[in-house]
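Here's the letter readout for the chains.
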Amino acid sequence: MQYAPFDTPRAVANFLSRWRPQVGVFLESELWPNLMMASHARGIPLALVNACISPKSTQRWSSPLLRPIVNSLLTKFSLICPQSESASVRLQQLGALPAQITPPANLKYSAALFSASQPPNTGASQEEVRERRWVAGSTHPGEEEAVLNTHLDVCKHRPDLTTVIVPRHPERAGSICALARSMGLECAEVSGGTPLGSHAAASQEALEASVLVVNTIGDLAAIYSQCAVAFVGGSLLPSGRGHNVAEAAVASCAVICGRNMGPYTEMVADMLQRGPLSVWQVSDQAELTEAVETLLRDPVQLRARQEAAQECVQSVLDEPLERVWQALKSRVLDKAMFRDKEVELDSHKQKHS
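Everything numeric here is computed off the predicted structure, so don't read it as measured data.

Colleague: Can you help me understand the sheet that holds strand 6 (residues 187–190) in this one?
Modeller: Strands in a sheet are paired, the pairing made by backbone hydrogen bonds, and the direction either parallel or antiparallel. The 7 strands are arranged 6-7-5-4-8-9-10 in an open sheet whose pairing can be described as parallel. The sheet is open, and its two edges are formed by strand 6 and strand 10 (279–281), each paired on a single side. Each adjacent strand pair in this sheet contributes to an overall mean axis angle of 20°, direction not counted. Relative to strand 7 (residues 211–214), strand 6 runs parallel, the two sharing 4 bridges. By the bridge assignment for strand 7, Ala188 is matched with Leu212. Sheet contacts for helix 9 (residues 173–182): strand 5 (162–167), strand 6 and strand 7; angle to strand 6, the most-contacted strand, approximately 165°.

Colleague: For this particular structure, what's the right way to read the sheet that holds strand 2 (residues 46–51)?
Modeller: The sheet built from 3 strands is open, its strands ordered 1-2-3 with parallel pairing. Here the strands that pair on one side only, and so sit at the sheet edges, are strand 1 (24–27) and strand 3 (79–82). The mean angle between the axes of side-by-side strands here comes to 15°, regardless of whether they run parallel or antiparallel. Pairing geometry for strand 2 and strand 3, over 4 bridges, is parallel. Bridge pairing in strand 3 places Ala47 opposite Leu79. Of the strands in this sheet, strand 2 and strand 3 are in contact with helix 5 (residues 85–93), which crosses strand 3 at around 140°.

Colleague: What is the right way to read the pairing of strand 8 (residues 229–232) from this model?
Modeller: Here is the key point about a regular strand: its side chains alternate between the two faces of the sheet. A two-sided burial pattern is seen for strand 8, the buried positions comprising Val229 and Phe231 on one face and Ala230 and Val232 on the other. In the sheet, strand 4 (residues 133–139) pairs with strand 8 via 4 bridges, with the strands oriented parallel. Residue Val135 lies in a different strand from strand 8, and its bridge partner there is Ala230. Across 4 bridges, strand 8 lies against strand 9 (residues 254–257) in parallel orientation. Each bridged residue has a counterpart across the sheet, and for Ala230 the counterpart in strand 9 is Val255. You can see the chain leave strand 8, run along helix 12 (residues 245–250) and come back into strand 9, and the turn it takes is right-handed.

Colleague: For this particular structure, what's the right way to read the environment of Arg323?
Modeller: Within the fold, Arg323 resides in helix 16 (residues 318–351). Between the C-alpha atom of Arg323 and that of Pro104, which follows or precedes it by 219 residues, the distance is 9.4 Å. Not counting the four nearest positions on each side in its chain, Arg323 is found in contact with Pro103, Pro104 and Ala105. A polar contact is formed between the side chain of Arg323 and the backbone oxygen of Pro104, at a distance of 2.3 Å.

Colleague: I keep staring at the pairing of strand 9 and nothing clicks. Help me out?
Modeller: Side chains Ala254 and Ile256 of strand 9 all project onto a buried face; the interleaved residues Val255 and Cys257 project onto the opposite face, where all are buried too. The parallel pair strand 9 and strand 10, bridged by helix 13 (residues 265–274), forms a crossover whose chirality is right-handed.

Colleague: What exactly am I supposed to notice about the side chain of Thr150 here?
Modeller: By the element assignment, Thr150 lies in helix 8 (residues 143–155). Judged by relative accessible area, Thr150 falls into the buried class, the value being 0%. Separated by 3.0 Å, the side chains of Thr150 and Thr289 make a polar contact. Those residues in contact with Thr150, other than ones at most four positions away along the chain, are Trp134, Gln285, Leu288, Thr289 and Val292.

The rules behind each value
Residues numbered from 1 in each chain as written. Predicted model: local features only at pLDDT ≥ 70, side-chain atom pairs only at ≥ 80, totals over all residues. Heavy atoms only, no water. Pairing = 2+ DSSP bridges. Helix = DSSP H or I, 4+ residues; strand = E, 2+ residues; numbered from the N terminus. Axes fitted to C-alpha atoms, helices over the stretch in contact; angles between N-to-C directions. Contact = heavy atoms within 4.5 Å. Buried < 20%, exposed > 50% of the residue type's maximum accessible area, 1.4 Å probe, protein only. Right-handed = clockwise from strand over helix to strand, strands pointing away. Polar contact = N/O pair within 3.5 Å; in protein donor to acceptor, adjacent residues only side chain to side chain.

What follows is the structure, encoded as structure tokens:
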């Protein structure tokens with residue numbers, strides 16, 4: 001693995017000369033001018049996959065100063081695969097050509113499948129244990145207080161409740177635990193790589209705590225698989241940008257999120273259109289408490305929302321990935337292979353001329 005270079009002419013030139021890439025695939029809204037222009041100048045075919053652009057960014061890029069720049073960059077792609085119809089329209093407004101653009105395909109659904117994890121077998125009735133837990137995943141500062149207050153409210157009716165907090169930045173685990181303790185809660189830091197409630201690996205503090213804060217990165221999928229309800233963070237406060245709700249859905253959680261989903265707004269709208277019970281959106285801590293309490297009190301509604309979320313995501317998993325792969329193969333990868341054969345043939349001719 002090699003990190004991409006700093007986007008300066010010299011660093012990019014050294015990178016391309018050293019690694020000699022055959023194809024350049026950029027993701028979402030990652031537009032690096034020097035890397036793209038230099039790659040295009042060397043005849044390297046480029047693709048923009050899972051392309052997205054917000055209305056705010058579209059407005060900014062549409063200014064008289066920046067529009068010619070983004071127009072020039074977008075036309076360097078052999079292929080643009082937008083993740084939504086609105087992204088397709090915005091990209092064309094900024095200068096992308098219809099011939100470059102494929103039908104929309106959101107690969108975040110497929111990414112959720114690849115990150116999915118099977119729940120560990122702890123020996124007890126796994127589903128019973130799971131239904132006593134809920135997780136707040138990818139939380140940001142300001143959201144944990146709402147989560148902890150929800151825990152206190154729900155515990156009045158469910159004293160066996162376990163709340164798991166997985167902060168977006170795990171280095172904040174200590175301060176979140178301190179906040180929980182200041183609210184009179186038993187709290188412990190845990191590693192996400194250890195099955196929740198595992199007596200073999202957990203400390204006595206973790207076994208006794210009603211609030212667990214995960215201090216590792218990359219374990220959210222495994223945590224989702226061990227909890228009945230998931231609140232997807234980064235979405236409760238006005239500054240929120242949301243996170244991938246499909247990751248919780250594919251793990252068969254009942255999915256809750258706030259209304260500030262940023263680039264995931266269209267994903268939530270799509271899921272709600274496919275299954276009205278697939279996502280429960282809340283506006284504040286009071287509504288979050290109501291959602292968690294209702295789901296953990298009513299097994300029928302819990303099961304209905306878990307199934308709706310999982311079925312919704314499963315219904316769109318394979319189609320976008322296959323469509324994007326076929327477009328990449330036919331319009332970028334095959335083009336790169338043909339180019340390399342031409343270069344090899346020209347080199348052979350020069351040697352024998």
